[in-house]
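# Close look at the chain arrangement
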Amino acid sequence: MAERDEVLKWLLEPDNPPVRYLTLTNLLGKPARDREVQAAKAKLGNYEVTQAILARTDGFLDDDDDRAYWKYTGKYWQLIFLGQFLAGEDPRIARLAERILARTTWVSKAGGQCLTANILAALTRLGYDAHPVVEEQREALARRINAQGGIECTVMDYSLLHRCYMAQPKLLLCFAESPPEKRSPAIRAAIQLLVNNLLENEVFVYVPGNRKAWQRILERQPKAASLLKGQTVKEWVVRERQSFLAEQGFGEREAKAGWLKFGFPLHYNSDALEAMYALARLGVPYSPRMEKALLAIEHKQTPGGRWILENSLNGKMLVDVETKGKPSKWLTCFARYVLQCYRRPAT
């Protein structure tokens, strides 16, 4: 108990205001009206990383549509990061959000659901939950997922997986930002579909066992110039994939190794901790199919009760976040919340 108290004290230190706020609300269960919570919320924008990003707004605020998605320096990414840091109110954030809301070029008709979900989640966290564009695009995203039976993306045209798997936690976190009483039938259906997909694959066990054999087929794909008139490389891939699956099958599903290296913040990909955090935020009840992910999270806990930053965007973002290879307040806060929700207290 004393060790756990020391970790809580560490998470409540003032150097990371958003983690302090999440610790008070998620881990200690303090209500929004609590004075300590209100005081913590008022200081969210004081986070050093948030201030460093906002100090560089001249470098990305006027990005055109081509530069807006530049990894990880364009204005879309800054909004996403600021949302993840619960950045609070600031005139510079308002200008950034309003420019992104004015042009919905971040909504794609072919793939791109991860970007749409990330931006919608960020806008909601930054106070734009009731904005007409946010409400409209969140509903449209849910309807699209339901109609397609998952996340369709052009990137998957060359994969044995017919739907994108790695972005599912992003969409669930987006929908989790909407209070349960405000979720439409379409949003509730999309949540259930994505939750089922995660649990059917034990959260992170989804990689096709026959992927290497399929990759060897792809290496033989013809050049467009060698095809008959009217034929396309994509059509060739579709035919070959149908034949491959009929003859060799998908193969036994394997764990996604990258999902077992926890990081924050993440990009369009995810990991097992973020996926479990999304399920916990949605109040999904415990299932034995979560067990492998929960054991993986427990295994990552250090003897001192913390979690290490193993995956990092440092050096790619405008500002570094924590130190790779060192204990992470963000990951520790998320992991403790997951274990607490599923009655597996940190030890």
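Everything below is about the structure printed above this text.
Let me begin by describing the structure that accompanies this report. Treat the numbers as computed from the prediction; the structure is a model and nothing was measured.

## Concerning unusual backbone geometry
Here K71 and Y72 are connected by a cis peptide whose omega angle stands at -10°. Relative to the assigned elements, Y72 resides in the loop between α5 (65-68) and α6 (75-84). With an omega of -5°, the peptide bond running from F264 to P265 counts as cis. Mapped onto the elements, P265 comes out in the loop between β2 (254-255) and α14 (272-281). At L86, a residue that is not glycine, the phi angle is positive and equals roughly 50°. When you line up the elements, L86 lands in the loop between α6 and α7 (91-102). Its relative accessible area of 16% is what places L86 among the buried residues.

## A look at the packing of α7 against helix α8 (residues 113-128)
α8 packs onto α7 with a crossing angle of 135° between their chain directions and a minimal axis gap of 11 Å. Judged by the inter-axis angle, α7 sits oblique to α8. Read as a crossing pair, α7 and α8 show a hand that is left-handed. Contacts between α7 and α8 pair I93, A94, A97, E98, I100 and L101 from the former with I119, L123, L126 and Y128 from the latter. Broken down by class, the residue content of the contact of α7 with α8 amounts to 9 nonpolar, no polar and 1 charged.

## Re a positive patch on the surface
Taken together, the side chains of K71, K261, K316 and K324 define a basic patch exposed on the protein surface. Counting through the fold element by element, K71 comes out in the loop between α5 and α6.

## Observations regarding the packing of aromatic side chains
How two aromatic rings sit relative to each other is set out by the distance from centre to centre and by the angle between their planes. If you walk through the whole model with that rule in mind, you get 16 aromatic pairs. Between Y165 and W259, the aromatic rings sit 5.8 Å apart at their centres with planes inclined by 45°, giving tilted as the arrangement. Taken together, the residues span a long stretch of sequence, with Y165 in the loop between α9 (132-148) and α10 (168-176) and W259 in the loop between β2 and α14 at a distance of 94 residues. An aromatic cluster of at least three residues, connected via ring pairs, comprises Y47, F85, F264, Y277, W330, F334 and Y337. In this structure, K300 is placed above the aromatic ring of F262, and the distance from its NZ or CZ to the ring centre is 5.7 Å.

## A word on helix α12 (residues 211-218)
Every buried residue of α12 is accounted for by A213, W214, I217 and L218. Each buried residue of α12 sits inside an arc of 150° when the element is viewed along its axis, so together they form one side. For α12, the exposed residues set more than 90 degrees away from the buried face come down to K212 and R216. Packing partners of the buried residues in α12 comprise α13 (233-247).

## Observations concerning the environment of A246
Residue position: A246 is located in helix α13. By relative accessible area, A246 is classed as exposed at 68%. Sequence-wise, A246 and D157 are 89 residues apart; in three dimensions their C-alpha atoms are separated by 17 Å.

## A closer look at the environment of C164
Here C164 lies in the loop between α9 and α10. Along the sequence, C164 and L82 sit 82 residues apart, while their C-alpha atoms lie 25 Å from each other. Those residues in contact with C164 that lie beyond four places of it in its chain are I151, C153 and M156.

## Comments concerning the pattern of salt bridges
Here the idea is simple: oppositely charged side chains can pair when their charged atoms come close. As enumerated under the stated definition, the model contains 15 salt bridges in all. One salt bridge connects D157 with K234, and the closest N-O pair in it is separated by 3.2 Å. Of this pair, D157 sits in the loop between α9 and α10 while K234 sits in helix α13, and the two are 77 residues apart along the sequence. Each of E13, D15 and K329 takes part in one network of salt bridges that share partners.

## Describing the packing of α14 against helix α16 (residues 329-341)
Interhelical geometry of α14 versus α16 gives an angle of 50° and a closest axis separation of 9 Å. Judged by the angle between their axes, α14 and α16 are oblique. Seen from above, α14 lies across α16 with left-handed handedness. For the pair α14 and α16, contact is made by L273, M276, Y277, A280 and R281 and by L331, F334, A335, Y337, V338 and C341, respectively. Residues that form the contact of α14 with α16 fall into these classes: 10 nonpolar, no polar and 1 charged.

## Section: the side chain of N16
If you trace the backbone, N16 turns up in the loop between α1 (2-11) and α2 (17-27). Residue classification places N16 among the buried positions, given a relative accessible area of 3%. Looking at N16, its side chain comes within polar contact range of the main-chain nitrogen of V19, at 3.1 Å. Those residues in contact with N16 that lie beyond four places of it in its chain are Y47, K329 and W330.

## Examining the side chain of E274
Structurally, E274 can be placed in helix α14. Side chain to side chain, E274 and K170 meet in a polar contact 2.9 Å long. Leaving out residues up to four positions away in the same chain, E274 has contacts with P169, K170, L173, L266 and N269.

Conventions used here
- Residues numbered from 1 in each chain as written.
- Predicted model: local features only at pLDDT ≥ 70, side-chain atom pairs only at ≥ 80, totals over all residues.
- Heavy atoms only, no water.
- Helix = DSSP H or I, 4+ residues; strand = E, 2+ residues; numbered from the N terminus.
- Buried < 20%, exposed > 50% of the residue type's maximum accessible area, 1.4 Å probe, protein only.
- Axes fitted to C-alpha atoms, helices over the stretch in contact; angles between N-to-C directions.
- Parallel < 35°, antiparallel > 145°, perpendicular 65-115°, else oblique.
- Left-handed = near helix turned anticlockwise from the far one by under 90°.
- Contact = heavy atoms within 4.5 Å.
- Nonpolar A, V, L, I, M, F, W, Y, C, P; charged D, E, K, R; others polar.
- Patch = residues over 30% accessible without salt bridge, like charges linked within 9 Å, V, L, I, M, F, W, Y side chains within 5 Å.
- Areas by Shrake-Rupley, 256 points an atom, 1.4 Å probe, with all protein chains shown as cover.
- Salt bridge = Lys/Arg side-chain N within 4 Å of Asp/Glu carboxyl O.
- Lys, Arg positive; Asp, Glu negative; His and termini not counted.
- Charge placed at Lys NZ, Arg CZ, Asp CG, Glu CD.
- Phe/Tyr/Trp six-rings, centres within 6.5 Å; stacked < 30°, edge-to-face > 60°.
- Lys NZ or Arg CZ within 6 Å of the ring centre and 35° of its normal.
- Arc of directions from axis to C-beta.
- Polar contact = N/O pair within 3.5 Å; in protein donor to acceptor, adjacent residues only side chain to side chain.

That's the geometry; what it means functionally is another story.
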